Amino acid sequence: MRVSDSSWTNPRDNFESVPKSLSPDQRFAAERAFSSVLVNTVREAVGDALGRNVLEILTSKGLLDASNNSKEFDSKLRSLFGNGAAVLERIVVKDLNRKLGIPYDSDARFDYEKSLETAKEVCFVESRLK
Amino acid sequence: MFRGEQAEMSGSEILSTLLGSEVRGDLLVLFHRNPGLIDTVDGVARRIGRTTVAVINEVRELLELGVLRQKRIGAFEVVSLDRAKDRELLESVANHLKAVRISGEK
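Basis of the calculations
Residues numbered from 1 in each chain as written. Chains lettered and ligands numbered in written order. Predicted model: local features only at pLDDT ≥ 70, side-chain atom pairs only at ≥ 80, totals over all residues. Helix = DSSP H or I, 4+ residues; strand = E, 2+ residues; numbered from the N terminus. Buried ≥ 20, exposed ≤ 12 C-beta atoms within 10 Å, placed from the backbone. Contact = placed C-beta atoms within 7 Å. Pairing = 2+ DSSP bridges. Core = buried A, V, L, I, M, F, W, Y, C linked by C-beta atoms within 7 Å. Nonpolar A, V, L, I, M, F, W, Y, C, P; charged D, E, K, R; others polar. Axes fitted to C-alpha atoms, helices over the stretch in contact; angles between N-to-C directions. Parallel < 35°, antiparallel > 145°, perpendicular 65-115°, else oblique. Left-handed = near helix turned anticlockwise from the far one by under 90°. pLDDT = per-residue confidence, 0-100. Expected span 1.5 Å × (residues − 1).

**Describing the overall build of chain A**
Working step 1: Per the secondary structure count, chain A includes five helices and zero strands.
Working step 2: From first element to last, N terminus to C terminus, chain A shows the α and β order α-α-α-α-α.
Working step 3: A buried classification covers 37% of the 130 residues belonging to chain A.
Working step 4: Long-range contacts, defined here as pairs at least 24 residues apart, represent 65% of the contacts in chain A between residues at least 6 apart.

Laid out in structure tokens, this is it:
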């Protein structure tokens, strides 16, 4: 993961890491916005890497339902792809970071869960600034 | 430099080869997003932000699998997506994944 070259704090708990100044409505909207970006990114990444047929099969197996739960998504992805899961996760994070303007370093140690936490932080900060 | 050769492989083996490294994943995404792309290995490496050294063996794996093909244009060896073979391989992967069960599957 690339937290080392960004200025974002990276707390362990997703919800505690959310900026406190958001109203409940803003928080809900930001959660939905992040969820939407993430699900779309996972669809694009899997579809572009392995094709639409594979994407449809994974969708029918409920993989995308787990997109917002990084641990569950990681577990499902590993049960399907074994070591290849890490490659797909990197593709997802690379695309997600590009959309959110977060730099990505292929050489840095990779942690899918932490990468999503960072992306979520950015999404929430952007919501607060709007 | 490369030869496109492939023995009969299972969907699982194809999947392992396709997702064998991050660079290979980047190459798949590049060629699937740009199916008409024809470029040298140097050019392909630049497009995914890597060095030729980092990419050359990964391209070789995809050539051997048959996803990519190589030909000479003038003084240049170029690679491109073999769309028919790619479809065939991804179909094998899809059939393999259909049979794999994951936790919480509907």
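**A look at the overall build of chain B**
Working step 1: Each helix and strand in chain B was counted, giving five helices and three strands.
Working step 2: Here chain B holds 106 residues, and 32% of them are scored as buried.
Working step 3: Partitioning the intrachain contacts of chain B with sequence separation of at least 6 by distance along the chain shows that 56% fall at a separation of at least 24.

**Some points on the sheet that holds strand β3 (residues 76-81) of chain B**
Working step 1: With antiparallel pairing, the three strands of this open sheet are ordered in space as β1-β3-β2 (chain B). Here the strands that pair on one side only, and so sit at the sheet edges, are β1 (38-39) and β2 (68-73) of chain B.

**So, the nonpolar core**
Working step 1: If you look at the biggest cluster of nonpolar residues, it comprises 56 residues, and the most contacted ones within it are Val46, Ala49, Val54 and Leu88 of chain A together with Val59, Leu68 and Val93 of chain B.
Working step 2: Counting residues per element, this core draws most heavily on helix α1 (residues 24-50) of chain A, at eight residues.
Working step 3: Those residues in contact with Val46 of chain A that sit more than four places away from it in its chain are Val54, Leu55, Leu58 and Leu88 of chain A.

**Notes on the interface of chain A and chain B**
Working step 1: With 20 residues of chain A at the contact, the number on the chain B side is 22 residues.
Working step 2: Partitioning the side of chain A that touches chain B into residue classes produces nine nonpolar, seven polar and four charged.

**Here's the deal with the packing of α1 of chain A against helix α4 (residues 84-100) of chain A**
All names here are of chain A.
Working step 1: The N-to-C vectors of α1 and α4 enclose an angle of 130°; their axes lie 9 Å apart at closest approach. With respect to α4, the element α1 is oriented oblique. When the axes of α1 and α4 are compared, the crossing they make is right-handed. For the pair α1 and α4, contact is made by Val37, Leu38, Thr41, Val42, Glu44, Ala45, Val46 and Ala49 and by Leu88, Ile91, Val92, Asp95, Leu96 and Lys99, respectively.

**Some words on the pairing of β3 of chain B**
All names here are of chain B.
Working step 1: Judged from the two bridges that link them, β1 and β3 form a sheet pairing that is antiparallel. For Asp39, the partnering residue across the bridge sits in β3 and is Val79.
Working step 2: Direction of pairing for β2 relative to β3: antiparallel, over a ladder of six bridges. The residue bridging Lys71 from the neighbouring strand is Val78, located in β3.

**Quick notes on the confidence of the model for chain A**
Residue and element names in this part refer to chain A.
Working step 1: Considering every residue of chain A, the mean pLDDT works out to 81; 82% of them sit at 70 or more.
Working step 2: Confidence, read as mean pLDDT per element, is least for helix α5 (residues 112-129) in chain A (84) and greatest for α4 (94).
Working step 3: Per-residue pLDDT stays below 50 along residues 1-16; that stretch engages in 30 contacts with residues further than four places along the chain or on separate chains.

**Here's the deal with α4 of chain A**
All names here are of chain A.
Working step 1: Across its 17 residues, α4 extends 25 Å between first and last C-alpha, which sits within 8% of the 24 Å expected from 1.5 Å per residue.
Working step 2: Of all the positions in α4, only Gly84, Val87, Leu88, Glu89, Arg90, Ile91, Val92, Val93, Lys94, Leu96 and Asn97 are classed as buried.
Working step 3: Once α4 finishes, Gly101 follows within two positions and takes phi at roughly 75°, a positive value.

**What about helix α2 (residues 22-33) of chain B?**
Residues separated by three or four positions in an α-helix point in the same direction, a consequence of the helix having 3.6 residues per turn.
Working step 1: If you check α2 of chain B, its first and last C-alpha atoms are 16 Å apart, about what twelve residues at 1.5 Å a residue would give, namely 16 Å.
Working step 2: Of all twelve residues in α2 of chain B, ten are buried; the element is thus mostly enclosed.
Working step 3: Here α2 of chain B has its buried residues at Glu22, Val23, Arg24, Gly25, Asp26, Leu27, Leu28, Val29, Phe31 and His32 of chain B.
Working step 4: Packed against the buried residues of α2 of chain B are α1 and α4 of chain A together with α1 (11-18), α4 (52-65), β2 and β3 of chain B.

**Remarks on the packing of α1 of chain B against helix α5 (residues 83-99) of chain B**
All names here are of chain B.
Working step 1: For the pair α1 and α5, the least separation of the axes is 8 Å and the interaxial angle reads 115°. The two elements α1 and α5 cross, and the hand of that crossing is left-handed. Residues Gly11, Ser12, Ile14 and Leu15 of α1 form the contact with α5, whose participating residues are Leu89, Ser92, Val93, Asn95 and His96.
Working step 2: Here the contact of α1 with α5 is built from residues that sort into four nonpolar, five polar and no charged.

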